[in-house]
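Here is how the chains run, residue by residue.
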Amino acid sequence: MPDITDRTKKVREGEELDLAAVEKFLTDNVPGLSGKLEIEQFPSGHSNLTYLARMGERDMVLRRPPFGSKVKTAHDMGREYKVLSALHPVYSCAPRPLAFCEDESIIGSRFYVMERIKGVILRKELPKGLDFTPEIAGRLSESFIKNLAVMHAIDYEAAGLGDLGKPEGYLNRQVEGWAKRYAGSQTDEIKEIDDTVDWLRERLPASPAPTLVHNDYKYDNIILDANDVTRIIGVLDWEMSTIGDPLTDLGAALGYWVQDDDPPMHKMNAFGPTYAKGSYTRRQLADRYAELTGRDVSNVHYYVVFASFKLLVIIQQIYYRYHQGLTQDERFAGLVNLVKLLAQTGVELIERNEI
């Protein structure tokens, strides 16, 4: 059977770490390590930088903020480490954190290290050798939405995460906060974005009871068992997690979920094979979530529009770093075109009044 687990590459130029400093920190703070440190990089992802740190037979993952980030609150390593420390004992798919470093002099920022969960991550291009049949696509769709329901059922108070967020007024703060982030990283005049923000403000719904919210739940943030790719063994990227309206999580998952009848341009920018034959549609995912949780999803359209806007802002912030010369990563050069596509998508979602 071919090896379809997630692969690393050589560290990108300009994103290197001080090996000696990192090795000393690891040996001082992670018990049982031996051998020479080797560092490679997980090349995908557009936000926090993720490295494979190997010492002897031990594989660890190091996370640090991106170079040149303008939005410091979006890359709080201490907060992400706290979330994983509380979550891992009650939710095994959350990676086990190993050490947190507050000393920015070591690599130029705060960072943390966690245990590696070795498995498969599905992105736009499937791993070579993976036969992603309609049966597998359907079973994975079911696992995907069931896992979201499981995350929303976690007793966050008992886990020690009661102070992670402020549920009262959460959705309003989200809309205003993301509008402010867009204004702070804007590079082009795009009228559709202003229209979408006005629509979101005017139609703010009442939220259900709060839950833990991941805030970035999609295929390329879950790790699958290499022997059964319909089984989820890890969930990554908890940097935006909080306590709030669970339907924002559902809306985000649906916003990322490109289905078979979507335009070709959307499929080109999909975050995984969600439109493969046998996959659930967005409506099937929403209805299944309602069955699993008992929550009313009749207003989920609003949350999908908001998710589309939020994704637009995240991509705009990344493009802003490139536009300002704060990163040389050429993957970001054309992201403004994706921002414009998502702006149009938001308007179309509003006009269609469906997901």
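All values derive from a computational prediction rather than experimental measurement.

Caption draft 1: How the structure looks around the nonpolar core. The biggest cluster of nonpolar side chains holds 89 residues, and the ones touching the most others in it are Leu 87, Tyr 91, Trp 238, Leu 250 and Phe 309. With 14 residues, the single largest contributor to this core is helix α9 (residues 300-323). Core analysis: the next-biggest nonpolar cluster, separate from the first, contains 23 residues, Leu 17, Val 22, Leu 37 and Met 60 among them.

Caption draft 2: Molecular detail of the pairing of strand β8 (residues 228-235). Burial analysis of β8 places six of its eight residues in the buried class, the great majority of the element. Where strand β7 (residues 222-225) folds back on β8, the antiparallel hairpin that results is connected by two residues.

Caption draft 3: Representation of the packing of aromatic side chains. For the structure on display, the rule yields 11 aromatic pairs. Pairing Trp 199 with Tyr 302 gives two aromatic rings, centres 5.6 Å apart and planes at 20°, and the pair type is stacked. Remark: Tyr 302 occurs in helix α9 and Trp 199 occurs in helix α5 (residues 191-202); sequence separation between them is 103 residues. Relative accessible area serves as the criterion here: at 12%, Trp 199 is assigned to the buried category. Tyr 302 gets classed as buried once you look at its relative accessible area, which sits at 2%. Within the aromatic cluster, the residues linked to one another by ring pairs are Phe 144, Tyr 217, Tyr 219 and Trp 257. If you follow Arg 181 out to its NZ or CZ, it ends over the ring of Trp 178, 4.3 Å from the centre.

Caption draft 4: Structural context of the pattern of salt bridges. Counting across every chain of the model gives 29 salt bridges. Notably, a salt bridge pairs Asp 6 with Arg 123, separated by 2.7 Å at the nearest N-O pair. Here Asp 6 is found in the segment before α1 (19-29), whereas its partner Arg 123 is found in the loop between β5 (111-115) and α3 (134-152), with 117 residues between them in sequence. Of the residues examined, Asp 6 reaches a relative accessible area of 13% and is grouped as buried. Look at the salt bridges and you will find they share partners, linking Arg 63, Glu 80, Asp 237 and Glu 239 into a network.

Caption draft 5: Spotlight on the packing of helix α6 (residues 246-256) against helix α8 (residues 282-293). Two elements in contact, α6 and α8, have axes separated by 10 Å at closest approach and are oriented at 155°. By the angle between their directions, the pair α6 and α8 is classed as roughly antiparallel. Where α6 crosses over α8, the two elements pack in a sense that is right-handed. Note on element contacts: α8 touches α6 through Arg 282, Leu 285, Ala 286 and Tyr 289, opposite Pro 246, Leu 247, Leu 250 and Leu 254. Looking at the contact of α6 with α8 residue by residue, the class counts come to seven nonpolar, no polar and one charged.

Definitions and limits used
Residues numbered from 1 in each chain as written. Predicted model: local features only at pLDDT ≥ 70, side-chain atom pairs only at ≥ 80, totals over all residues. Heavy atoms only, no water. Core = buried A, V, L, I, M, F, W, Y, C linked by side-chain atoms within 4.5 Å. Buried < 20%, exposed > 50% of the residue type's maximum accessible area, 1.4 Å probe, protein only. Helix = DSSP H or I, 4+ residues; strand = E, 2+ residues; numbered from the N terminus. Pairing = 2+ DSSP bridges. Phe/Tyr/Trp six-rings, centres within 6.5 Å; stacked < 30°, edge-to-face > 60°. Lys NZ or Arg CZ within 6 Å of the ring centre and 35° of its normal. Salt bridge = Lys/Arg side-chain N within 4 Å of Asp/Glu carboxyl O. Axes fitted to C-alpha atoms, helices over the stretch in contact; angles between N-to-C directions. Parallel < 35°, antiparallel > 145°, perpendicular 65-115°, else oblique. Left-handed = near helix turned anticlockwise from the far one by under 90°. Contact = heavy atoms within 4.5 Å. Nonpolar A, V, L, I, M, F, W, Y, C, P; charged D, E, K, R; others polar.

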